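An overview of the molecular structure
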Amino acid sequence: MKFGARPTARQVDLLLAGAATVAVGTGLASWAVGTGWGRWLTVTHALAGLSLLALAPAKLRGSVRTGLKRRRATRWLSILLGLLVTGTVVLGVLHATGVWHGVGYWSALWTHVLLVALVAPLLVWHIVSRPGRPGIADLDRRAFVGGGVALAAAGAAYWVQQLAVGDNRRFTGSHEIGSFNPAAMPTTMWLNDRSPRVAASDWELTVAGEPLSLETLHAQAAPLQADLDCTGGWWSRQSWDAVPLAALVPDSDAPTLEVTSLTGYSRLFPARDAADLYLAVGYGGEPLRRGHGAPVRLVAPGRRGFWWVKWVSRVDAIDRPWWLQLPFPAE
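The paragraphs below set out a description of the structure included in this document. (Residues numbered from 1 in each chain as written. Predicted model: local features only at pLDDT ≥ 70, side-chain atom pairs only at ≥ 80, totals over all residues. Heavy atoms only, no water.)

Looking now at the side chain of K310. Along the chain, K310 falls in the loop between strand 12 (297–299) and strand 13 (312–318). The buried category is assigned to K310, whose relative accessible area is 13%. Within polar-contact distance, the side chain of K310 engages the backbone oxygen of G291 at 2.8 Å. With residues near it in sequence (within four places) discarded, K310 still touches T188, M189, S261, G291, H292, G293, V296 and R297. (Helix = DSSP H or I, 4+ residues; strand = E, 2+ residues; numbered from the N terminus. Buried < 20%, exposed > 50% of the residue type's maximum accessible area, 1.4 Å probe, protein only. Polar contact = N/O pair within 3.5 Å; in protein donor to acceptor, adjacent residues only side chain to side chain. Contact = heavy atoms within 4.5 Å.)

Our next topic: the sheet that holds strand 13. Spatial strand order, 5-4-13-8-9: 5 strands in an open sheet with mixed pairing. Strands at the two margins of the open sheet, each flanked by one partner only, are strand 5 (210–211) and strand 9 (266–270). Sheet topology places strand 8 (residues 256–261) next to strand 9; 5 bridges connect them, and they run antiparallel. Counted as the bridge partner of T260 is S266 from strand 9. (Pairing = 2+ DSSP bridges.)

This part takes up the pairing of strand 10 (residues 278–283). Among the 6 residues in strand 10, 6 count as buried, and that is most of the element. Across 5 bridges, the pairing between strand 7 (residues 234–244) and strand 10 is antiparallel. Residue V243 lies in a different strand from strand 10, and its bridge partner there is L279. In the sheet, strand 10 pairs with strand 12 via 3 bridges, with the strands oriented antiparallel. Across the sheet, the residue bridging to Y278 is V299, located in strand 12. The pairing of strand 10 with strand 11 (residues 286–287) spans 2 bridges and is classified as antiparallel. The partner of Y283 across the bridge, within strand 11, is E286.

Note that all results are geometric; they support no functional claim without further evidence.
In structure tokens:
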């Protein structure tokens, strides 16, 4: 691009704001979606994030250099924002390429999400506190050319990344770990959920208001291959010993099934999906491990890991609409 065709500092800010907004929106959406069409959310998220890196040199040449010369008292907050945005994108790249998965329960992807939560309020402050903010009028030819160059650079980087990673990643961006090897499958929890210490012999399970013994579940269970895709950034395919909820829940006019863990964690599902939801008591012919939901957990193919309720104690048919819940549990 010729020097005269470079976007102005205001236009670079507008392009960065657009890329950041798209990155956050598609990132949250791809975190929730477990079906194949979510691939485009993941790709769009990657391109938006890599575009931030592609636009970074123009940002440094323009408003960053000018702002540091002014020596505002708030310049340290702006520097912190820049460092957090850089760290967020770098962590996303580390996760995507599989260079670093994280430490223990704390994955690179979760750290990436945490930094986004820290970036958001700082980004709002940064935009609101600046005079002469960019507007729609700044979207001229230079802005479109600059945005196109950044997007092309992001696309090239994404293509190289995909060549390096190969087929290990699922369409959600998660990496395969421990398929058909339950002992190698990670043990993770959602937020503050904790594994209960209750013996299987003392476990009480109620389905549609009636007690159901674990022995009955074991007797009815049949192998089912399904992929558990965790929001921590990994996926694993297991042969689950499971029973469909449709075989356990009597016909009802209630529109929703509520699956509740002994810990109080719960999710709502459309009752019409009962044939595609399962209670599992084992995998690969062996009992579930406690960290994986023993003695009984939900298997929900096509949904992300936070839908796969562990340590199930109740399944109830209720009148509340299934969509009347937080998209991500706050428990």
